[in-house]
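# Summary of the model geometry
Below are the chains, spelled out letter by letter.
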Amino acid sequence: NAQAKRLFEFSIPAAIKRRETIDSAKDSMDYEEYFEYSKDAMLDHIAIVSSSDKVRKHFLDVIDDEYFATTSFKRTNSSAVERASDLAAIVTALQPGEVLVYEICSKIKKDVVKLFTSALSDFSIEITIGKGPGARIVKIDLPVFTTIFVAESMEDIPNEIRNMLNYVIEINPSQEELDELQIREIAAIYDIQLTKSTLNVIKEYNSNKTFRNIKGTLKFVSDYLYLHSEVQQPISAENLKKILETL
């Protein structure tokens, strides 16, 4: 998916660089200048939507592996945010320029939606302190941040939040693409670097076989590479065929 590829290759790394730029500018600006500068430097609020559990899991795993080493990303989900106060605790702890990855795995409650809408629209929230006649509403300004929502379908995203999104990336791969994704995930377990040509070799060798057979094939390749350190990765399609001939 071209949009998803752009997100990983350009948007997310750019967001990390912008975070660094925001941090470096912090001491030379007053609050209002800093706030406006931060908004201009941010990644758009987006949603990643896919009906495939594998695709959503893969997306989150890639972010975990490649981007959570930085302090620029925080991750949570709708099951962990049961009340507006839970969300308030998360967004008030964010640093300027950080990205909140929010996985929608259950219905978002109305009070959470209301607070999320305020946080996304003008980077502020209102919380009620106390109860009864003595209760008072306090407005809290938030640092400028970005949210990436991950959902199974657009229907899972409340309309109020949907209206806050700059764009939506829908990823609905074919069964062949899902199969290739699963093969790559198995290969990653065994530290095997698959190119498009070697992926096709594995698919051809295991045609009409189950993923259990593919796992066994890739384990054999992994063991072979361990015993024959002279074979460098990524393996060529020709070398992979020769390895499989010994199986």
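Before reading on, note that the structure itself is shown above.
## Notes on the sheet that holds strand β7 (residues 167-170)
Reading across from one edge, β2-β3-β6-β1-β7 is the order of the 5 strands in this open sheet, with parallel pairing throughout. What marks the edges here is a single partner per strand, and that holds for β2 (73-77) and β7. Strand-to-strand twist across the sheet, computed as the mean angle between neighbouring axes with direction ignored, equals 20°. Relative to β7, strand β1 (residues 46-49) runs parallel, the two sharing 4 bridges. From the neighbouring strand, Val49 faces β7, where its bridge partner is Glu170. In the packing of helix α5 (residues 110-122) onto the sheet, the strands contacted are β3 (99-103) and β6 (146-151), and the crossing angle to β6 comes to about 140°.

## Quick notes on the nonpolar core
Within the largest apolar cluster, 29 residues are counted, with the highest numbers of intra-cluster contacts made by Val91, Tyr102, Phe116, Phe145, Phe149, Ile157 and Ile161. Elements represented by at least two residues in this core include exactly β1, α4 (84-91), β3, α5 and β6. Once residues lying within four places of it in the same chain are set aside, the contact partners of Tyr102 are Thr76, Asn77, Ser78, Val81, Ile108, Val112, Phe116, Thr147, Ile148, Phe149 and Val150. One finds Ile192, Ile214, Ile235 and Ala237 within the second-largest nonpolar core, a separate group that totals 19 residues.

What counts as what
- Residues numbered from 1 in each chain as written.
- Predicted model: local features only at pLDDT ≥ 70, side-chain atom pairs only at ≥ 80, totals over all residues.
- Heavy atoms only, no water.
- Pairing = 2+ DSSP bridges.
- Helix = DSSP H or I, 4+ residues; strand = E, 2+ residues; numbered from the N terminus.
- Axes fitted to C-alpha atoms, helices over the stretch in contact; angles between N-to-C directions.
- Contact = heavy atoms within 4.5 Å.
- Core = buried A, V, L, I, M, F, W, Y, C linked by side-chain atoms within 4.5 Å.
- Buried < 20%, exposed > 50% of the residue type's maximum accessible area, 1.4 Å probe, protein only.

Everything listed here is a matter of coordinates, which is why it stays silent on function.
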